[in-house]
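Fold and geometry: a report
One letter stands for each residue in the lines below.
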Amino acid sequence: MPNAVQKRSAAHVVKYADMFSAMGTEARLRIMQLLLSAHPEGLVVTEIQQELDIPNSTLSHHLDKLKAEDLVHVRRESTFLRYTANTEALREILQFLYAECCTRNKALKPEAIVQICK
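Okay, so let's go over this structure. The structure displayed is predicted, hence computed values, not measured ones.

Let us now look at the packing of aromatic side chains. Counting across every chain of the model gives one aromatic pair. Ring centres of Tyr16 and Phe96 lie 4.7 Å apart, and the angle between their planes is 40°; this geometry places the pair in the tilted category. Residue Tyr16 is found in helix α1 (residues 4-22), and its partner Phe96 is found in helix α5 (residues 87-103); the two are separated by 80 residues along the sequence.

Now the structure itself:
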């Protein structure tokens, strides 16, 4: 029978798998890159649409999927919706991915990861 730590770990795997799945299309990954480039202000939907040339109905679907997995935050500004990347959620995903490789088996050195991001 799984203990509490194993259950919590399994729940995290499911959560992060859903988050990766949400980013698993070219359009959604491009949206995330764009929102990160506009961090912390974010962008309104029309700016995202103009930048990525995604039809409004399709863009709405993609943004809803990212929001459902807590990868983006949205706030209303009069008649506009402004989206921002949820950098805390992205940090959690990266920590989850690199926890084992940077601690237990040293597959990647933490400095190598930081250099990739520079």
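Let us keep going from here.
What follows covers the sheet that holds strand β1 (residues 43-44). Taken in spatial order, the three strands make up an open sheet running β1-β3-β2, and their pairing is antiparallel. Taken across any chain shown, the strands that pair with only one partner, and hence form the sheet edges, are β1 and β2 (72-77). With two bridges joining them, β1 and strand β3 (residues 80-85) adopt antiparallel strand pairing. Along β3, the bridge assignment pairs Val44 with Arg82. Strands β1, β2 and β3 of the sheet are contacted by helix α2 (residues 26-37), whose axis makes an angle of about 90° with β3.

The rules behind the values
- Residues numbered from 1 in each chain as written.
- Predicted model: local features only at pLDDT ≥ 70, side-chain atom pairs only at ≥ 80, totals over all residues.
- Heavy atoms only, no water.
- Phe/Tyr/Trp six-rings, centres within 6.5 Å; stacked < 30°, edge-to-face > 60°.
- Helix = DSSP H or I, 4+ residues; strand = E, 2+ residues; numbered from the N terminus.
- Pairing = 2+ DSSP bridges.
- Contact = heavy atoms within 4.5 Å.
- Axes fitted to C-alpha atoms, helices over the stretch in contact; angles between N-to-C directions.

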